[in-house]
Amino acid sequence: MSSLIHPSALVSPLAELGNNVSIGPFTVVHPGTRIGSGSRIDGHCELGYPTPLADGLPLIIGSGAVIRSHSIFYQGSTFGDGLVTGHHVTVREKTVAGPGFQIGTFGDIQGHCEIGAYVKTQSSVTIGQKSRIGHFVWLFPGVLLTNDPNPPSNDLQGVTLEDYVVVAVKSTLLPGVRIGRHSFVTAHALVAQDMPADSLVSGTPAKRLCKASDMRLKGDLRVRAYPWNKRFVRGYPDHVVEQWANGIEPFALAEDPSDDAPTAKLPPAPGR
Amino acid sequence: MSSLIHPSALVSPLAELGNNVSIGPFTVVHPGTRIGSGSRIDGHCELGYPTPLADGLPLIIGSGAVIRSHSIFYQGSTFGDGLVTGHHVTVREKTVAGPGFQIGTFGDIQGHCEIGAYVKTQSSVTIGQKSRIGHFVWLFPGVLLTNDPNPPSNDLQGVTLEDYVVVAVKSTLLPGVRIGRHSFVTAHALVAQDMPADSLVSGTPAKRLCKASDMRLKGDLRVRAYPWNKRFVRGYPDHVVEQWANGIEPFALAEDPSDDAPTAKLPPAPGR
Amino acid sequence: MSSLIHPSALVSPLAELGNNVSIGPFTVVHPGTRIGSGSRIDGHCELGYPTPLADGLPLIIGSGAVIRSHSIFYQGSTFGDGLVTGHHVTVREKTVAGPGFQIGTFGDIQGHCEIGAYVKTQSSVTIGQKSRIGHFVWLFPGVLLTNDPNPPSNDLQGVTLEDYVVVAVKSTLLPGVRIGRHSFVTAHALVAQDMPADSLVSGTPAKRLCKASDMRLKGDLRVRAYPWNKRFVRGYPDHVVEQWANGIEPFALAEDPSDDAPTAKLPPAPGR
């Protein structure tokens, strides 16, 4: 479908493009890159950026992606269907993400990460190397997942966020921390220790204040704020919303991996 | 004035450019975009980025703009004369800003905002949807205006900053907060509640410490630091500086909107 | 060596390129720019960005540089050999940096800075004007060096970081602060006062907790964490590692400048 490739774009003949893939002006697509059908790549992007750290693995982007302008994806990462990005995004090598991954403007994913299904990050989120993120996780603007317990060192210990975790604006998770599923981390927190499931986490250093499921909606105290997926379903596919309504987990959970789970089966946290 | 358009730029014949508009290399200007006379658009930019969320409204940029490289402006926003940006800026749809708006490098204006006259933001400032910003406001590096009281939700409540407010580095304003005119928010604050005019606001969570007008200049205790426009006028037009010297407000204030005020007449804050 | 210049790049005939310099697609190199031999400039960059604030000085980049895509360097700054950047970097005029300078993705160096040898910054680091940074300094993601004690004002007082200082994620240094050599600033700190050499600095506002050299490695309490160069040498040149092993300072220290020191001899901090 070369008619969808802008004449100023530089698309390698060794890239593999599905049907109806569009490529914007001044975008560079390197050899080996595979882009699924129906994807839209804006202008001024660079896909399949070469690096020896990718060990020769290609960049693989699923179908129906929208990659907005001025974004850079390295070789050696794989994304499920329905990837959506903002502008000025950078994603390095050897990250594997499930379907429906959204990366906000100025997102910085530093590679070697495992990311589940329908993870959504807003603007200026930095995800350090070796992070492991479950399904349906939300990261709000300015969130930072770190990985070096003794900066500078060679000992990278990624953060683990279990399914449905929400981290509010500008919070920082220190190296190796694991946050249990359905937890909520408030704005501006600095989290230095593991938190069990269903935790409301707040402060610097952050503490567990109570159950996240004890929180009520600001503006309507009759409604529990968390788990959020009991009150907020915009943007999720029908089959997921239906499963939620019927109390079924759409994907195998982190602690209960099974064969039909998508990419992100979280292994146990590394010993720390 | 096609001689000012770099031959590698892609400028739609359906864009409307004033006299002496220059367009840098590899920049894309979409149909319907209007750029005022004497404006300079650097290279690697994209202006009038299409989105259905703009409801068909064009991007309108006043005269004398300087848009630095790698910046992106969506359809459906309108800027007064004298817009200046840094690099790598992103501005989404349906924002209306008065004259003299300055956006620092890595600025992220997420759309649907009302912004007054001579608002200046430094680098890495994020302005969430539905923010309302008065005249002569300063936002220093890393400031974040949020909008979602129950993340994630559909209930966006923007922040309101009245005229002459200054927010120092890396402070965060939580959803729906209103800060009174001439207030000063110190560095690294997390502001969760409304503040009256002339407040010195500090801490996490932030409290009102005293009147902003009680603060003295670091380095010269004889001089009051705020209101800042009694001691700092660099970069403002002569007519504004003259009015300040004579104790006249250059524009109608937020609480006293009149017919000759420019774009940003702040309506009352939403009930919270 | 024009064969290494991509045909879509716009390289001024008045730029001076050493041997084996490669220039990527859609990159702009302005007149007067000098790039040392063996350097690799990615696509979508702009080098030698013109500004009257550079007083006509050129951009000078040493040999062996790697400048990644979508980066912008202004006229009037000078970099030693071995400069390495991430993507989307912005560096303004009149900064002088020694050899081995690394700038992470989304780095923002606002100009008029003095930077020593082998300084390494990770992503989203903002270095305000008039900052002075010694040798072997590390700045982790989201660190901000400020400069305006009375925002907004004309009185810029840069931060001074002495040799071997490490600043962890998202910490902010307030205007004019000086941090003594071998100090460690923990994550999320707000540093408002000078700190002597070998300080462990933490909190908001930050205090000196103890000697940095009293800290042990997380994960191995037998090993002192700082000075870090006694346990971590990856990425430094052999001659530096050898000198460290023999207890020799590779460059004259900030407090002991000599003729054979590279660019950054730190003058005394400005009176405050």
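Residues numbered from 1 in each chain as written. Chains lettered and ligands numbered in written order. Predicted model: local features only at pLDDT ≥ 70, side-chain atom pairs only at ≥ 80, totals over all residues. Heavy atoms only, no water.

**Q** In this structure, what is going on with the overall build of chain A? I would like to understand it.
**A** When helices and strands are tallied, chain A shows 1 helix and 32 strands. Taking 272 residues into account, the globule formula puts the C-alpha radius of gyration at 19 Å, and chain A, at 19 Å, falls close to it. Its C-alpha atoms put chain A at 55 × 45 × 35 Å along the principal axes. Taken across its 272 residues, chain A has 61% of its residues classed as buried. Contacts in chain A between residues far apart in sequence, at least 24 positions, make up 27% of those at least 6 positions apart. Summing over all exposed atoms, chain A offers an accessible surface of approximately 10,000 Å²; the carbon and sulfur share of this is 53%. The distance from the centre of the 23 positive side-chain charges to the centre of the 23 negative ones in chain A is 8 Å. (Helix = DSSP H or I, 4+ residues; strand = E, 2+ residues; numbered from the N terminus. Rg over C-alpha atoms; globule rule 2.2 N^0.38 Å. Buried < 20%, exposed > 50% of the residue type's maximum accessible area, 1.4 Å probe, protein only. Contact = heavy atoms within 4.5 Å. Areas by Shrake-Rupley, 256 points an atom, 1.4 Å probe, with all protein chains shown as cover. Lys, Arg positive; Asp, Glu negative; His and termini not counted. Charge placed at Lys NZ, Arg CZ, Asp CG, Glu CD.)

**Q** What am I meant to see in the interface of chain B and chain C here?
**A** Quite often, the size of an interface is put as the accessible area lost when its parts meet. Taken together, the contact between chain B and chain C spans 32 residues of the former and 39 residues of the latter. Between chain B and chain C the total buried area reaches about 2,400 Å² when both faces are included, carbon and sulfur atoms providing 61% of it. The three residues of chain B that bury the most area against chain C are Phe26, Phe106 and His188 of chain B, which together make up 22% of that side's buried surface. Between the two partners, chain B and chain C, sit 0 salt bridges. Our count for the chain B to chain C interface comes out at 19 residue pairs in polar contact (both at pLDDT 80 or more). Each residue belonging to the side of chain B that touches chain C can be placed in one class, and the counts come to 14 nonpolar, 10 polar and 8 charged. (Buried area = accessible area lost by both parts, 1.4 Å probe. Salt bridge = Lys/Arg side-chain N within 4 Å of Asp/Glu carboxyl O. Polar contact = N/O pair within 3.5 Å; in protein donor to acceptor, adjacent residues only side chain to side chain. Nonpolar A, V, L, I, M, F, W, Y, C, P; charged D, E, K, R; others polar.)

**Q** What should I look at first to understand unusual backbone geometry in this one?
**A** Note on backbone geometry: most residues besides glycine have negative phi, and most peptide bonds are trans. Residues and elements named next belong to chain B. With omega at -10°, the peptide bond leading from Pro151 into Pro152 counts as cis. Along the chain, Pro152 falls in the loop between strand 22 (144-145) and strand 23 (160-161). Residues Thr204 and Pro205 are joined by a peptide bond in cis, for which omega reads -5°. Residue placement: Pro205 occurs in the loop between strand 29 (199-203) and strand 30 (206-211).

**Q** What is the right way to read the sheet that holds strand 4 (residues 28-29) of chain B from this model?
**A** Backbone hydrogen bonds hold the strands of a sheet together, and the pairing may be parallel or antiparallel. Residue and element names in this part refer to chain B. Pairing is parallel across the open sheet formed by 10 strands, whose spatial order is 1-4-7-10-13-16-19-22-25-28. Among the strands making up the open sheet, the edge pair consists of strand 1 (10-11) and strand 28 (190-191). Taken together, the 2 bridges between strand 1 and strand 4 define a ladder with parallel strand orientation. Bridge assignment links Leu10 to a residue of strand 4, and that residue is Val28. (Pairing = 2+ DSSP bridges.)

**Q** Just checking my understanding: could you explain the sheet that holds strand 17 (residues 114-115) of chain C for this structure?
**A** Residue and element names in this part refer to chain C. If you walk across this open sheet you meet the 9 strands as 2-5-8-11-14-17-20-23-26, and the pairing is parallel. The two strands at the open ends of the sheet, each matched to only one other strand, are strand 2 (16-17) and strand 26 (178-179). Of the pairings in the sheet, the one linking strand 11 (residues 78-79) to strand 14 (residues 96-97) comprises 2 bridges and is parallel in character. Opposite Thr78, over in strand 14, you have Val96 as the bridge partner.

**Q** Would you mind going over the confidence of the model for chain A with me for this structure?
**A** Residue and element names in this part refer to chain A. Of the residues in chain A, 92% reach a pLDDT of 70 or more, and the chain-wide mean stands at 93. The low-confidence segment residues 254-272, where pLDDT is below 50, has 43 contacts with residues more than four positions distant or belonging to other chains. Prediction confidence for the complex, expressed as pTM and ipTM, is 0.93 and 0.92 respectively. (pLDDT = per-residue confidence, 0-100.)

**Q** When you look at the relation of the copies chain A and chain B in this model, what are you seeing that I'm missing?
**A** What connects the two chain copies is a rotation about an axis and a shift along it. Each copy of the sequence occupies a distinct position, and chain A is placed on chain B by a rotation of 120° and an axial shift of 0.0 Å, giving an RMSD of 0.0 Å. Classification of the inter-copy transformation places it as that of a three-fold axis. (Least-squares fit on C-alpha atoms with pLDDT ≥ 70 in both.)

**Q** When you look at the environment of Ser22 of chain A in this model, what are you seeing that I'm missing?
**A** Residue and element names in this part refer to chain A. Turning to its location among the elements, Ser22 is positioned in strand 3 (residues 22-23). Residues Ser22 and Pro250, 228 residues apart in the sequence, show an inter-C-alpha distance of 31 Å. Those residues in contact with Ser22 that sit more than four places away from it in its chain are Leu4, Ser39, Arg40 and Ile41.

**Q** Quick question: what am I supposed to make of the interface of chain A and chain B here?
**A** Counting residues at the interface gives 32 residues for chain A and 39 residues for chain B. Roughly 2,400 Å² of surface becomes buried between chain A and chain B when both sides are summed, with 61% attributable to carbon and sulfur atoms. By the criterion of area lost to chain B, the three top residues of chain A are Phe26, Phe106 and His188 of chain A, representing 21% of everything that side buries. At the boundary of chain A and chain B, one finds 19 residue pairs in polar contact (both at pLDDT 80 or more).

**Q** Help me understand the environment of Val96 of chain A in this model?
**A** Residues and elements named next belong to chain A. Among the structural elements, Val96 can be located in strand 14 (residues 96-97). Of the residues examined, Val96 reaches a relative accessible area of 33% and is grouped as partly exposed. In this structure the C-alpha to C-alpha distance between Val96 and Leu217, which are 121 residues apart in sequence, comes to 34 Å.

**Q** What is the right way to read the pairing of strand 7 (residues 46-49) of chain B from this model?
**A** Regular strands have side chains that alternate between both faces of the sheet. All names here are of chain B. Where strand 4 meets strand 7, 2 bridges bridge the pair, whose relative direction is parallel. Each bridged residue has a counterpart across the sheet, and for Val28 the counterpart in strand 7 is Glu46. The pairing of strand 7 with strand 10 (residues 72-74) spans 3 bridges and is classified as parallel. Pairing of Tyr49 across the sheet is with Tyr74, part of strand 10.

**Q** Before we go on, may I ask you to explain the pairing of strand 29 of chain B in this structure?
**A** All names here are of chain B. With 2 bridges connecting them, strand 27 (residues 184-185) and strand 29 associate as parallel partners. From the neighbouring strand, Val185 faces strand 29, where its bridge partner is Val201. Where strand 29 lies against strand 30, 5 bridges are found, and the strand directions are antiparallel. By the bridge assignment, Ser202 is partnered in strand 30 with Lys207. Linking two consecutive strands that pair antiparallel, namely strand 29 and strand 30, is a turn of 2 residues.

**Q** Looking at this structure, I do not really get the packing of aromatic side chains. What am I missing?
**A** Geometry of an aromatic ring pair is reported as the spacing of the ring centres plus the angle between the planes. All told, the structure shown has 64 aromatic pairs over all chains when counted by the stated rule. Seen from their ring centres, Tyr49 of chain C and Tyr74 of chain C are 4.5 Å apart, and the 40° between their planes marks the pair as tilted. Within this pair, whereas Tyr49 of chain C is found in strand 7 (residues 46-49), its partner Tyr74 of chain C is found in strand 10 (residues 72-74), the two being separated by 25 residues in sequence. Exposure class is identical for Tyr49 of chain C and Tyr74 of chain C. Each is buried. Members of the aromatic cluster, each reached through a chain of ring pairs, are Tyr118, Phe136, Trp138, Phe140, Tyr164, Trp228, Phe232, Tyr236, Trp244 and Phe251 of chain A. When the ring centre of Tyr236 of chain B is taken as reference, the NZ or CZ atom of Lys120 of chain B above it lies at 4.2 Å. (Phe/Tyr/Trp six-rings, centres within 6.5 Å; stacked < 30°, edge-to-face > 60°. Lys NZ or Arg CZ within 6 Å of the ring centre and 35° of its normal.)

**Q** Would you explain the environment of Ile67 of chain A in this entry?
**A** Residues and elements named next belong to chain A. Structurally, Ile67 can be placed in strand 9 (residues 66-67). In the structure, Ile67 is positioned 44 residues away from Ile23 in sequence and 9.7 Å away in space, judged by C-alpha atoms. Contacts of Ile67, omitting those with residues within four sequence positions, involve Arg40, Ile41, Asp42, Cys45, Leu47, Ile61, Phe73, Leu83 and Thr85.

**Q** What is the right way to look at the pattern of salt bridges in this model?
**A** When their charged atoms lie close together, side chains carrying opposite charge are able to pair. Counting across every chain of the model gives 15 salt bridges over all chains. Residue Arg92 of chain B is joined to Glu93 of chain B by a salt bridge in which the shortest nitrogen-to-oxygen separation is 3.1 Å. Note on Glu93 of chain B: relative accessible area 1%, which makes it buried. Close ionic contact of Arg222 of chain C with Asp220 of chain C constitutes a salt bridge, the shortest N to O distance being 2.9 Å.

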